[in-house]
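Observations on the three-dimensional arrangement
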Amino acid sequence: MSEPFDLPFQSDVMPKMLSPDSKIRFRCHKGISCFNACCKQADITLTPYDIIRLKQRLGVDSSEFLKQHTVPFQMDGDGLPGVKMRTNDDGQCLFMTEEGCGVYEDRPTACRYYPVANLAMKPKDAPAEQIHYALVVEEHCKGHEEDRELTIEEYRKEQQVEQYDDMNREYMQLILKKKSAGPTVGKPPELSLQLFFMANYDLDRFRRFVLSDTFRKAWDLPEELYLDIEQDDIALMKFGSRLLKQVLYGEKTIKEREGILERRVEERKDVIEMRRQFEIQRARKKEDEKYSEGGDQGGCNA
Ligand code: SF4
Ligand code: SF4
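Residues numbered from 1 in each chain as written. Chains lettered and ligands numbered in written order. Predicted model: local features only at pLDDT ≥ 70, side-chain atom pairs only at ≥ 80, totals over all residues.

1. Points about the overall build of the protein
A count of helices and strands for the protein gives 12 helices and 12 strands. When each of the 302 residues of the protein is scored for burial, the buried share is 25%. A sequence separation of at least 24 residues applies to 73% of the contacts in the protein between residues at least 6 apart. (Helix = DSSP H or I, 4+ residues; strand = E, 2+ residues; numbered from the N terminus. Buried ≥ 20, exposed ≤ 12 C-beta atoms within 10 Å, placed from the backbone. Contact = placed C-beta atoms within 7 Å.)

Next comes the structure, spelled out in structure tokens:
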């Protein structure tokens, strides 16, 4: 069994499965009676590329963006972290204005696709993911009653989702791999989940981590890559996906520095020695207590 990626918008309506050539009847425009209705009940899951586009548009760093505009959620039972767009108490997207979307040119992938859902699936043992589409027909959306027919492919072009799909591919693969592996992969350690969050969503913090001395000592990257990572959010995002594939699924594409384990032990020698001494002291104390308890109770020599 394969598992579809989450539908971008919450809907009770069962979507119909479609191919790129399938025709849909749909048009959304400012004069329509339901204008903004979808953004008043927004449930938007953000991808790393969505966050890059929005944080760059707003001129804030990723940590600030996450704090102001998102809420975290768990994508699966193992706590794989995701982020959704923050809304007001009534469920309205904070970017909605009377004139429409306040960040239209940089609106997230899910907003571009709606009412089409992009359902990426990874059947078990299949070499790559498969893309299917679905049409979500909701009562409030009157765009389905408009007199215009177009194919899914034409709709994707109109909404300029191709670039978004390209940029989202690696991230989708990370999630699908986890889903298709099921319980065999098990729950990732807490540190890996934290790395997943930072490398995907809090990119500016991830950049500081990758450029730190600690990271450079552990991983053997070419200087040009460090330079790209320093200057370019997309290069950093792509490197994050590589690192996560290595850490989570053992897909080795990044060289670890030789002798890193030995160096770590060397660097932590003092701490290790301190712990060793502490353990010895504790064991001795336990032994002493045992003998002194024996004395109180009247031992063989009493
Ligand atoms: S980002 Fe724009 S299109 Fe998407 S829900 Fe918000 S206002 Fe609507
Ligand atoms: S037609 Fe649908 S997508 Fe367009 S504004 Fe209305 S509810 Fe939103």
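2. A look at the site of ligand 2
Around ligand 2, the neighbouring residues are Cys28, Ile32, Cys34, Phe35, Asn36, Ala37, Cys38, Tyr114, His140, Cys141, Lys142 and Gly143. Considered class by class, the residues forming the shell around ligand 2 number eight nonpolar, three polar and one charged. (Near = placed C-beta within 6 Å. Nonpolar A, V, L, I, M, F, W, Y, C, P; charged D, E, K, R; others polar.)

3. Quick word on the nonpolar core
By size, the foremost hydrophobic cluster in this structure holds 28 residues, and its most contacted members are Ile44, Tyr114, Val116, Ala117 and Tyr133. Counting residues in each nonpolar core, the second largest holds 19 residues, with Leu80, Ala199, Phe206 and Met237 among its members. (Core = buried A, V, L, I, M, F, W, Y, C linked by C-beta atoms within 7 Å.)

4. Quick notes on unusual backbone geometry
Cis rather than trans, the peptide bond between Tyr114 and Pro115 has omega equal to 10°. Among the structural elements, Pro115 can be located in the loop between helix H3 (109–113) and strand E8 (116–121). At Asn36, a position not held by glycine, the phi torsion is positive, near 80°. Here Asn36 lies in the loop between strand E2 (23–25) and strand E3 (45–46). Judged by the 16 C-beta atoms lying within 10 Å of it, Asn36 falls in the partly exposed class. For Gln160, which is not a glycine, the phi torsion comes out positive at approximately 50°. Considering the arrangement of structural elements, one finds Gln160 in the loop between helix H4 (152–158) and helix H5 (162–181). Of the residues examined, Gln160 has 11 C-beta atoms within 10 Å and is grouped as exposed.

5. Looking at the pairing of strand E5 (residues 81–85)
Summarising the sheet, E3 and E5 pair through two bridges and their orientation is antiparallel. The partner of Thr45 across the bridge, within E5, is Lys84. Bridge count for strand E4 (residues 70–74) against E5 is five bridges, and the pairing is antiparallel. Of the residues in E5, the one forming a bridge with Thr70 is Met85. Between E4 and E5, which pair antiparallel and follow one another directly, the connecting turn spans six residues, one of which, Gly79, has a positive phi of 80°. (Pairing = 2+ DSSP bridges.)

6. Section: the sheet that holds E5
Read from one edge to the other, the open sheet built from three strands follows the order E3-E5-E4, with strand pairing classed as antiparallel. Each edge of the open sheet carries a strand with a single partner, namely E3 and E4.

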